[in-house]
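Close look at the chain arrangement
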Amino acid sequence: MSGDSNFLTKGAAVTFRQTSDKKVAVFLANGLEEIEGLTVCDLLYRAGIPCNTVSITGTKDVTSSHQIHIVADKRIEDLDFDEYDMLVLPGGMPGTLNLGNCKALTDKVVEFAQTGKEIAAICAAPSVLAKLGLLKGKHATSNPNFKDTCVEGDAIYSEAPVVVDGNIITSRGMGTAIDFSFAIVEHYLGETGVEDLKPRIVWQGK
């Protein structure tokens with residue numbers, strides 16, 4: 001894939017210019033918080049990091065917690081996890097519960113975490129990691145409503161917008177979805193990758 005990732009003319013689409021050989025999978029369940037999943041996809045696309053959306057519903061069709069219909073790239077049944085370097089879990093309810101009840105996913109989340117491959121979770125989704133025992137002794141954050149679950153999982157809890165501890169990235173919710181995405185971009189492309197991205201999305205944060 002090639003092309004210029006900048007807007008070439010008024011109204012032109014952003015084209016994909018691959019900058020990394022790493023590959024990310026974002027898992028979509030019915031009831032997900034769509035902003036938390038799709039913001040990651042958008043910013044990774046702009047940054048040039050290959051990313052696929054993966055449905056756990058049995059079809060490619062997913063309905064978000066706000067009744068927005070999404071068509072994923074792949075079904076989990078068809079996914080070759082060995083092709084991917086990071087698994088991303090968006091939050092939302094009941095999306096988080098559906099992710100946690102998907103054994104095909106949780107088995108791989110555990111495998112990735114234990115073998116040093118990257119896991120990222122936002123909002124309620126860090127609770128899935130906590131219940132799997134993956135946050136024990138790890139610095140982590142989550143939506144405030146899921147703090148107790150993370151603490152019960154022996155996480156070292158933080159109220160920072162995004163927390164990176166080794167191969168696990170966690171974040172707080174829809175309002176931190178851009179920061180969460182930046183952390184993923186930085187993991188693969190460094191701070192320069194994030195700084196290159198900020199003006200292209202007219203980022204006004206600090």
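Since we're looking at a predicted model, the values are computed, not measured.

Reading guide: rules and limits
Residues numbered from 1 in each chain as written. Predicted model: local features only at pLDDT ≥ 70, side-chain atom pairs only at ≥ 80, totals over all residues. Heavy atoms only, no water. Disulfide = S-S within 2.5 Å. Helix = DSSP H or I, 4+ residues; strand = E, 2+ residues; numbered from the N terminus. Contact = heavy atoms within 4.5 Å. Pairing = 2+ DSSP bridges. 1 Å grid on protein atoms, 1.4 Å probe; cavity = no way out; pocket = protein on both sides within 12 Å on 5 of 7 lines; lining within 4 Å. Points joined across faces, edges and corners; volume = space filled by probe spheres on them. Nonpolar A, V, L, I, M, F, W, Y, C, P; charged D, E, K, R; others polar.

1. Details of the state of the cysteines
The tally for this structure, following the rule as stated, stands at 0 disulfides. Not part of a disulfide, cysteine 51 finds its nearest cysteine sulfur in cysteine 41, a span of 4.0 Å. For the unlinked cysteine cysteine 123, the closest cysteine sulfur is that of cysteine 150, found at 11 Å.

2. A word on the side chain of serine 64
Positionally, serine 64 belongs in the loop between strand 3 (61-63) and strand 4 (69-71). When neighbours within four sequence positions are excluded, serine 64 is seen to be in contact with Gly31, Leu32 and Glu34.

3. Looking at the sheet that holds strand 10 (residues 162-165)
Read from one edge of the open sheet, 7 strands run 5-2-1-6-7-11-10, paired in mixed fashion. The outermost strands of the open sheet, each flanked by one partner alone, are strand 5 (74-75) and strand 10. Pairing analysis gives 3 bridges linking strand 1 (residues 24-28) to strand 6 (residues 86-89), with the strands arranged parallel. Paired with valine 24 across the bridge in strand 6 is methionine 86.

4. Some points on the layout of surface pockets
Leftover empty space is mapped by rolling, across the atoms, a probe with the size of a water molecule. Taken as a whole, the largest pocket holds about 220 Å³ of empty space. Lining of the largest pocket is provided by 13 residues; of these, Cys41, Tyr45, Cys51, Asn52 and Asp73 occupy positions nearest its centre. For the lining of the largest pocket, the secondary structure elements donating two or more residues are helix 1 (34-47) and strand 2 (51-55). Of the volumes computed, that of the second largest pocket is approximately 170 Å³. Along its surface, the second largest pocket is lined by Pro161, Val162, Val164, Asp179, Phe182, Ala183, Glu186, His187 and Val194. Elements supplying a minimum of two residues to the lining of the second largest pocket: strand 10 and helix 6 (177-197). Per-element accounting of the lining of the second largest pocket gives the leading share, 6 residues, to helix 6. A breakdown of the residues in the lining of the second largest pocket according to their chemical character gives 6 nonpolar, 1 polar and 2 charged.

The values are spatial; any link to function lies outside them.
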